[in-house]
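The lines below spell out each chain.
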Amino acid sequence: MMVLSILSPALQCAWGLETYKQSLITSIVFVGMMVGSTLWGSLSDKYGRKFVLVVSAAFCMYFGILSALAVTWIWLLLFRCVVGFGVSGGSQAVTLYTEILPVKARAKSIVAIEIFWVLGSAFSTILAFIVMPTMGWRWLLAFSAIPLIIFIAACFWLPESMRFNLSRGHVNAAMKTLQECADTNKKPMPLGRLIAPPKQQRRGQISDLFTKEMRRTTFLLWIIWFSNTFCYYGIVLLTTELLDIQNNDVCNAIAEGHLPDVECALDCQSLTSKNYLELLWTTAAEVPGLVIVFFSIDIIGRKWSSASMFILFTIFIGLVAVCKGRIFMIIMLFAARCFISGSFQVVFVYTPEIYPTSCRAIGLGACSSMARFGAIITPFIAQVLLKKSIYATLAIYAVVAAAASIASLLLPVETKGKQLQESPTAVS
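First, a word on scope: everything that follows refers to the structure included in this document.

Rules used throughout
- Residues numbered from 1 in each chain as written.
- Predicted model: local features only at pLDDT ≥ 70, side-chain atom pairs only at ≥ 80, totals over all residues.
- Heavy atoms only, no water.
- Helix = DSSP H or I, 4+ residues; strand = E, 2+ residues; numbered from the N terminus.
- Buried < 20%, exposed > 50% of the residue type's maximum accessible area, 1.4 Å probe, protein only.
- Contact = heavy atoms within 4.5 Å.
- Areas by Shrake-Rupley, 256 points an atom, 1.4 Å probe, with all protein chains shown as cover.
- Phe/Tyr/Trp six-rings, centres within 6.5 Å; stacked < 30°, edge-to-face > 60°.
- Polar contact = N/O pair within 3.5 Å; in protein donor to acceptor, adjacent residues only side chain to side chain.
- Patch = residues over 30% accessible without salt bridge, like charges linked within 9 Å, V, L, I, M, F, W, Y side chains within 5 Å.
- Salt bridge = Lys/Arg side-chain N within 4 Å of Asp/Glu carboxyl O.
- Axes fitted to C-alpha atoms, helices over the stretch in contact; angles between N-to-C directions.
- Parallel < 35°, antiparallel > 145°, perpendicular 65-115°, else oblique.
- Nonpolar A, V, L, I, M, F, W, Y, C, P; charged D, E, K, R; others polar.

1. A look at the overall build of the chain
And then number 1: In terms of regular secondary structure, the chain is built from 19 helices and 0 strands.
And then number 2: Sorting the 428 residues of the chain into buried and exposed places 54% on the buried side.
And then number 3: In the chain, the share of contacts with a sequence separation of at least 24, taken over all contacts with a separation of at least 6, comes to 83%.
And then number 4: As presented, the chain carries roughly 18,000 Å² of accessible surface, and 70% of it is formed by carbon and sulfur atoms.

Here it is, written out as C-alpha cells:
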C-alpha cells in the first residue's frame, strides 16, 4: 500500500493522469484482492495453508515484475489487478500461524508478528526515497518484488498446519510437525496418541459462514473488516495527499475546505525528501498501535480492544480538521493511523479464532474480500473527494469508524482464552 501511495503521484507527473485514473491504479489492486481472497480461502481449506501461500506469492512476484514493464495505463491496471489477486492469498499466513500457536500465546504472538508489516511499509518508503529520484517508479516496482522471491524459497522450511492435516486425516504428517516443534523447543512430546477427528467432506464452503451459529458473527465481521480497510488505507492515501502540499499551505487549504486539483502534468509536484521522512514518521505510528493492542487484547478482550481503537481513530481523524499548523496535522494523522492499525491487528486475531477449522480459511478470506470493497472505495474519498471537500472526507471516515466500534461490541462471542473449534456447531 505504501508503494501505491507513492506510485500514484509519480504516475500523475509521468503520464499526466487525470485524478480518477490516478485513483483507479489504487482501486484496481483491491478489485484483484476482493476476487482472490475468498478463492484462496477456499483452496486453503481444501489443499492446505502452505500451498496457498506459495502459489499466491508466485502470482504476486511475477505480475509485480511485469507491472514495472507496463507501457500504458491500461496494461498497468491489468498487471496491478493480478498483483492484488496474489497479495490476497497472504492473509492465509495468519490462519496457519493461529492454528500452530497455543491459546496463552496466540493473541500476543499474532499481534507481535505484525511488526513486520510496519517494517515492510518502512522498507517501501526508504526504498522509494532511494530509487524514485534517480531510477524512477519502474525500478521501485521491480525491487519491491524481490522479497517475494526470498519468501518462496523460505517456504521450503515452512510447516503445514497440524490442525489442517488432522482434519484431512493425515495423522502422521501432523505428528511429524508436532515432533519438530517439540525438538525445536527442547520439550518432550505429550504422552498418548494423536487421534484425528471425523474427516469432514464439506470443506471451504461459503455456506458454512451463514449457519445459524455463524451468520450474525459473519455479518458483523464484514462491517468491521470493511471499516478497517476503508479507514486504514484511507489514512495512508490521505497522508500522502496532504503532505504533498508544500510548507504550511495545507492548513490554508483545510480552512478553505478543499484542495486544489491538478489539471496538467506541468503543475504536479513530486514527493520531496521531507515528504518521505514525514511518511516514515506516520508509518512508525503503527508501532504504538501494536504495543497498545499487545497488552490490551488479553486484558479487556478482543471486542473492547477493537471498539476502543475505532473510537480513538474517530476522535483523531476529526481533529485533523482543526489544523493548527503542519506539525499539529502530522501528529493527528500519526495518532489516527496508530489506532486504526491497532484495530486491524485485533480483527486479524479474532477472525481465525471465531471460525472453526473446517471453514477458518474461507471465513478469513470472505472477510478479506468484503474488506476490499472499502479499499476500492477509499481512493475516491481520499484522493478525489478530498480535493472537493476536506470536511466531508474527514466526516465520512469518522462516521464509518464509529459504526465499526458499535459492530465490535455487538459480536456475540468473546474469544479471549478460548480454544479453537473444529466445527461450526462447536462455536458458542
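2. Observations regarding the packing of aromatic side chains
Each aromatic ring pair is summarised here by two numbers: the centre-to-centre distance and the angle between the ring planes.
And then number 1: According to the stated counting rule, one finds 23 aromatic pairs in the structure shown.
And then number 2: Centroid distance F30 to Y233: 4.8 Å. Interplanar angle 45 degrees. Geometry classified as tilted. Taken as a pair, F30 in helix α2 (residues 19-47) and Y233 in helix α12 (residues 215-243) lie far apart in primary sequence, 203 residues in all.
And then number 3: By relative accessible area, F30 is classed as buried at 2%.

3. Focus: the side chain of S369
And then number 1: Topologically, S369 is positioned in helix α18 (residues 360-388).
And then number 2: Classification of S369 as buried rests on a relative accessible area of 6%.
And then number 3: A distance of 2.8 Å separates the side chain of S369 from the side chain of T38, its partner in a polar contact.
And then number 4: The residues touching S369, leaving out its near neighbours within four places in the chain, are M33, M34, S37 and T38.

4. Points about a nonpolar patch on the surface
And then number 1: On the surface, a cluster of nonpolar side chains totalling about 670 Å² of accessible area is made up of V287, V291, F295, I299, I300, W304 and L409.
And then number 2: Considering every element that reaches the nonpolar patch, the biggest residue donor is helix α15 (residues 286-296), with 3 residues.
And then number 3: Under the relative-accessibility criterion, L409 is labelled partly exposed at 35%.

5. Quick word on the pattern of salt bridges
And then number 1: This structure, assessed with the given rule, holds 8 salt bridges.
And then number 2: The closest approach of N and O atoms between R106 and E353, which form a salt bridge, is 2.8 Å. One end of the pair, R106, is in helix α6 (residues 103-113); the other, E353, is in helix α17 (residues 326-354), and 247 residues separate them in sequence. E353 carries the same exposure label as R106, and that label is buried.

6. Quick look at the packing of α2 against helix α3 (residues 49-68)
A packed helix pair is summarised by two numbers, namely the angle formed by the two axes and the spacing between the axes.
And then number 1: It is the contact of α2 with α3, at a shortest axis distance of 7 Å, that shows an interaxial angle of 140 degrees. Here α2 lies oblique to α3, going by the angle between them. Residues W40, L43, S44, D45 and Y47 of α2 touch α3, and the partners they reach there are R49, F51, V52, V55, S56 and F59.
And then number 2: Its residues assigned to classes, the contact of α2 with α3 shows 7 nonpolar, 2 polar and 2 charged.

7. Focus on unusual backbone geometry
And then number 1: Positive phi is not limited to glycine here, since K186 has a value of about 55 degrees.
And then number 2: As for its placement among the helices and strands, K186 is situated in the loop between α11 (171-184) and α12.
And then number 3: By relative accessible area, which is 74% here, K186 ends up exposed.

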